[in-house]
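# Notes for the structure review
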Amino acid sequence: MEVKARAPGKIILAGEHAVVHGSTAVAACIDLYTYVSLRFPSDSDDDDTLKLVLKDMELNFSWSVTRIKATLSHLGSPFPSTPTTCSMEVIKSIAVLVDEQNIPEAKIGLSSGATAFLWLYTSIIGFKPATVVVTSDLPLGAGLGSSAAFCVSLTAALLGSLNSVHLDKNHQGWLTYGESDLDLLNKWAFEGEKIIHGKPSGLDNTVSTYGNIIKFRSGNMTCIKSNMPLKMLITNTKVGRNTRALVAGVSERSMRHPDAMSSVFNAVDSISKELSTIIESPTPDDLSITEKEERLEELMEMNQGLLQCMGVSHSSIETVLRTTLKFKLASKLTGAGGGGCALTLLPTLLSATVVEKVTTELETCGFQCLIAGIGGTGVEVCFGGLS
Ligand SMILES: Nc1ncnc2c1ncn2[C@@H]1O[C@H](COP(=O)(O)OP(=O)(O)O)[C@@H](O)[C@H]1O
Ligand SMILES: C[C@@](O)(CCOP(=O)(O)O)CC(=O)O
Ligand SMILES: [Mg+2]
């Protein structure tokens, strides 16, 4: 049997980092996906290996199931309906299994992904041989939520292989999970994100699971129905960074300056709330589309200023801000910052010529630009053929 799953990446319109400290954030899924295929060997195959193939990265990992079992069977796996946090002690045991794979130094960031994989696989499936193949449209470590899309798509494929999950396995094409299965899936993916991020807010896995545009605060989400066109230019500075280190840096700064940082987080909370109100408010209302766009641009600039206060901007992001400002366009970083991606609002009345000019100038700086569709469906699975 083969189960395929795909989960989208995301952009954060407002509230990254502050959301880890209890502020509101607004995020939308984008139409770039991570894909997972899960295949169990037939009973006649004499195969004792669990294989993880990271196709884009040209990396093949393989573990003997007997070896994994010797390391982890004391945990009582599998426990698919009880999402559980991987303890530090178990992370260390899994790290030994990951280290044995000799990941090249240049790709060492993938070790946290491999650790999350082993935790999710053994917790949900147990000690069974299989081959898991992963591919992704998303740049890794660029702020577009590749870590969450990886955890969500993997969990979707794993849960999809269980009989306890309510899905029509004869359906041809992509299928969505029911509400209660999605809730379970999201909780497991959050446990995977904890292994990769250290202290995630849960925003990224939630938007990748449920899709749409969401307002999120302290683990609770509300879907936002947008009443205006939202076109964003995404610029990838290609400056690599690691969310875990950036999130830890903000927490350290907030321990050094608790009062000042709490005011920063409160300001971000207000920005996210105002931003979601503007997006949702009916048009024509008291504000025209152009006026709404101007307010969004101002809020994005204010949010970017506060991200600078948190210490997560970067010279490459400042270059994007300066370049887009020349065309009177507002930008902010998206995701953890420290490089990675920036968002630029493209107002409805902006001419195609200006979009072309700004894109060319950003690309001349060595950056990569794209316009993604935002706010679509979340995670999906597939058992049959895909047309
Ligand atoms: N397709 C993938 N395969 C394996 N690991 C992945 C994949 N996508 C993401 N990861 C893991 O997530 C990490 C990147 O996550 P993170 O630093 O949070 O950045 P972002 O989520 O913005 O892309 C990678 O270094 C890797 O460990
Ligand atoms: C910085 C943060 O708000 C978002 C991180 O997103 P990403 O991993 O950079 O795509 C962290 C979080 O919410 O868990
Ligand atoms: Mg991430």
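Residues numbered from 1 in each chain as written. Chains lettered and ligands numbered in written order. Predicted model: local features only at pLDDT ≥ 70, side-chain atom pairs only at ≥ 80, totals over all residues. Heavy atoms only, no water.

Going by what an unreviewed UniProt entry lists, the protein chain is known as Mevalonate kinase and is assigned to Citrus sinensis. Note on the protein chain: under the UniProt heading Pathway (unreviewed entry), the record states "Isoprenoid biosynthesis; isopentenyl diphosphate biosynthesis via mevalonate pathway; isopentenyl diphosphate from (R)-mevalonate: step 1/3." Heading Subcellular location (unreviewed entry) of the UniProt record for the protein chain holds this comment: "Cytoplasm". (UniProt positions renumbered as here; feature names shortened; annotations may be inferred.)

Time to look at the UniProt feature "domain: GHMP kinase N-terminal" (unreviewed entry) in the protein chain. Per the UniProt record, "domain: GHMP kinase N-terminal" (unreviewed entry) is found at residues 126-211. Spanning residues 126-211, this segment combines 49% helix with 8% strand, and its end C-alpha atoms are found 29 Å apart. (Helix = DSSP H or I, 4+ residues; strand = E, 2+ residues; numbered from the N terminus.)

What follows covers the side chain of S77. On the secondary structure map, S77 appears in the loop between α1 (65-72) and α2 (88-99). For S77, a relative accessible area of 14% puts it in the buried group. Beyond its immediate stretch of four places on either side in the chain, S77 contacts L72, T122, S123 and F127. (Buried < 20%, exposed > 50% of the residue type's maximum accessible area, 1.4 Å probe, protein only. Contact = heavy atoms within 4.5 Å.)

The next point concerns a negative patch on the surface. Side chains of E274, E291, E294, E298 and E301 sit close together on the surface and give a patch of like negative charge. With 4 residues, the top contributor of residues to the negative patch is helix α9 (residues 289-310). Inspection of the secondary structure puts E291 in helix α9. Under the relative-accessibility criterion, E291 is labelled partly exposed at 34%. (Patch = residues over 30% accessible without salt bridge, like charges linked within 9 Å, V, L, I, M, F, W, Y side chains within 5 Å. Areas by Shrake-Rupley, 256 points an atom, 1.4 Å probe, with all protein chains shown as cover. Salt bridge = Lys/Arg side-chain N within 4 Å of Asp/Glu carboxyl O. Lys, Arg positive; Asp, Glu negative; His and termini not counted. Charge placed at Lys NZ, Arg CZ, Asp CG, Glu CD.)

Per the counting criterion, the structure on display carries 10 salt bridges. R39 is paired through a salt bridge with E2; the nearest N and O atoms lie 3.2 Å apart. Taken together, the residues span a long stretch of sequence, with R39 in strand β2 (residues 25-39) and E2 in strand β1 (residues 2-14) at a distance of 37 residues. Classification of R39 as partly exposed rests on a relative accessible area of 46%. Judged by relative accessible area, E2 falls into the partly exposed class, the value being 21%. Here D269 ties to R217 by a salt bridge, and the two come within 3.8 Å at their closest N and O atoms. Separated by 52 residues along the polypeptide, D269 in helix α8 (residues 258-280) and R217 in strand β6 (residues 213-217) bring together distant segments of the chain.

So, about the site of ligand 2. Taken together, 18 residues surround ligand 2, and among them K10, S201, R241, T243 and A336 come closest. In the environment of ligand 2, an oxygen atom lies 2.6 Å from a nitrogen or oxygen atom belonging to the side chain of K10. One of the side-chain nitrogen or oxygen atoms of R241 is found 2.6 Å away from an oxygen atom of ligand 2. The fraction of the free accessible surface of ligand 2 (380 Å²) that becomes covered by protein chains is 98%. Of all the elements in the fold, those that place two or more residues in the shell around ligand 2 are β1 and α7 (243-256). Split by residue class, the shell around ligand 2 holds 7 nonpolar, 7 polar and 4 charged. (Near = heavy atom within 4 Å. Polar contact = N/O pair within 3.5 Å; in protein donor to acceptor, adjacent residues only side chain to side chain. Nonpolar A, V, L, I, M, F, W, Y, C, P; charged D, E, K, R; others polar.)

Turning to the packing of aromatic side chains, a few remarks are in order. All told, the structure shown has 6 aromatic pairs when counted by the stated rule. Judged by centre distance (5.8 Å) and plane angle (35°), the ring pair of F117 and Y121 falls under tilted. Of this pair, F117 and Y121 both sit in helix α3 (residues 110-124), separated by 4 residues, roughly a single helical turn. Residue class for Y121 comes out buried when judged on its relative accessible area of 1%. Here the aromatic residues F61, W63, F117 and Y121 are joined through ring pairs into a cluster of three or more. Seen from the ring of Y33, R6 lies directly overhead, with NZ or CZ sitting 4.2 Å from the centre. In this structure, K128 is placed above the aromatic ring of F40, and the distance from its NZ or CZ to the ring centre is 4.2 Å. (Phe/Tyr/Trp six-rings, centres within 6.5 Å; stacked < 30°, edge-to-face > 60°. Lys NZ or Arg CZ within 6 Å of the ring centre and 35° of its normal.)

Now for the coordination of the magnesium ion (ligand 3). Coordination of the magnesium ion (ligand 3) by the protein comes from S147 (OG) and H197 (NE2), over a distance range of 2.1 to 2.3 Å. Here S147, found in helix α4 (residues 146-160), pairs with H197, found in helix α5 (residues 179-197); they are 50 residues apart in sequence, far enough to count as distant. Each member of the pair, S147 together with H197, is buried. (Donors = N, O, S within 2.8 Å, 3.2 Å for Na, K, Ca; no water.)

Structurally, the position occupied by K231 is in the loop between β7 (220-224) and β8 (232-236). Residues K231 and L343 lie 112 residues apart in sequence; the distance between their C-alpha atoms is 9.7 Å.

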